[in-house]
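Given next are the chains, with one letter for each unit.
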Amino acid sequence: KENQNMSILNKLFQRKPRLTKQLIDFPEKSLFVDEEVPTLTVPRKFDSAIARFLNEDHFLAGSHAGFQLHSHDGLELYQRQLRAQFREAVDALIGSLSKELLEKEIVLIQIGDLVPSQKRCLEVSINQTKAEIEEAKLQKELSIGDEGWINSAASSFNIGFQQGMKDFFNEKDFFKNL
């Protein structure tokens, strides 16, 4: 019985012969113009200057400005500065997207009709990038009236500015009454 168990174990764990002959005949490499498929690295748009701008604490900045100025006279200056910073960030995004679009179009030309599925994916990606560029341009125009993406930042700044002025006058009244 022991020999029978050993023979079963030997059969289970015995090395199998390796295949030395290739089963599939591949075409010669010389038939291919380029062995590598062009690749494209896409930067993350969410790490952009716009994301950093929108994530800033605009209420705190407005509160500080309102406390320092304690007058509505400087509010318009700060609002213009806020809009200018936003438009600068949008311009950086448009530049980045335009570069990305150019890279995709170059890859599309390189691929040609060799890989139809890859070509279709690139065409869809190119259309999406064009739409993102148009959206960024629209947001830049809307920022003139503090509308669009800038709305929450501008509103937070204005509320903070009002709070800063209120804090200044409350502090002034407090020390006046001492």
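Above this text sits the structure in question.
Each residue is numbered by its place in its chain's sequence as written, counting from 1. This being a predicted model, a pLDDT of at least 70 is required before a residue's local features are given, and a value of 80 or more before pairs of side-chain atoms are given or counted; all residues contribute to the totals for chains, interfaces and linings. To obtain the side-chain values, all non-hydrogen atoms of the structure were included, while hydrogens and water were left out.

## Section: unusual backbone geometry
Note on backbone geometry: most residues besides glycine have negative phi, and most peptide bonds are trans. Inclusion rule: With a 1.4 Å probe rolled over the protein chains alone, any residue whose accessible area is under 20% of its type maximum counts as buried; one over 50% counts as exposed, and the rest are partly exposed. In this description a helix means any DSSP run of H or I spanning at least four residues, a strand means any run of E spanning at least two, and both kinds are numbered starting from the N terminus.
Here the phi dihedral of His 70 falls at roughly 40 degrees; this positive angle occurs in a residue that is not glycine. Here His 70 falls in the partly exposed class, since its relative accessible area comes to 31%. Even without a glycine there, the phi angle at Asp 146 is positive, about 55 degrees. Along the chain, Asp 146 falls in the loop between helix H5 (116–142) and helix H6 (151–176). For Asp 146, a relative accessible area of 15% gives the class buried.

## Side note on H5
Operational definition: In a helix, the anticipated span is given by 1.5 Å times the number of residues less one. Whether two residues are in contact is decided by their heavy atoms, any of which lying within 4.5 Å being enough.
Its 27 residues place the ends of H5 39 Å apart at the C-alpha level, agreeing with the 39 Å of an ideal helix rising 1.5 Å per residue. For H5, the full list of buried residues reads Leu 122, Ile 126, Thr 129, Ile 133, Ala 136 and Gln 139. Tucked inside the fold, the buried residues of H5 contact helix H4 (75–111).

## Brief notes about the pattern of salt bridges
Pairing between side chains of opposite charge can happen when the charged atoms of each approach one another. Applicable threshold: In the sections that follow, a salt bridge refers to a side-chain nitrogen of Lys or Arg positioned within 4 Å of a carboxyl oxygen of Asp or Glu.
All chains considered together, the criterion is met by eight salt bridges. Between Glu 76 and Arg 80 there is a salt bridge whose closest N-O contact spans 3.7 Å. In this pair, Glu 76 and Arg 80 both sit in helix H4, four residues apart, roughly one turn of the helix. Assessed through its relative accessible area of 36%, Glu 76 is described here as partly exposed. For Arg 80, a relative accessible area of 46% gives the class partly exposed. One salt bridge connects Lys 119 with Asp 113, and the closest N-O pair in it is separated by 2.7 Å. On the accessibility criterion, Lys 119 (24% relative accessible area) is partly exposed. Look at the salt bridges and you will find they share partners, linking Glu 76, Arg 80, Arg 83 and Asp 146 into a network.

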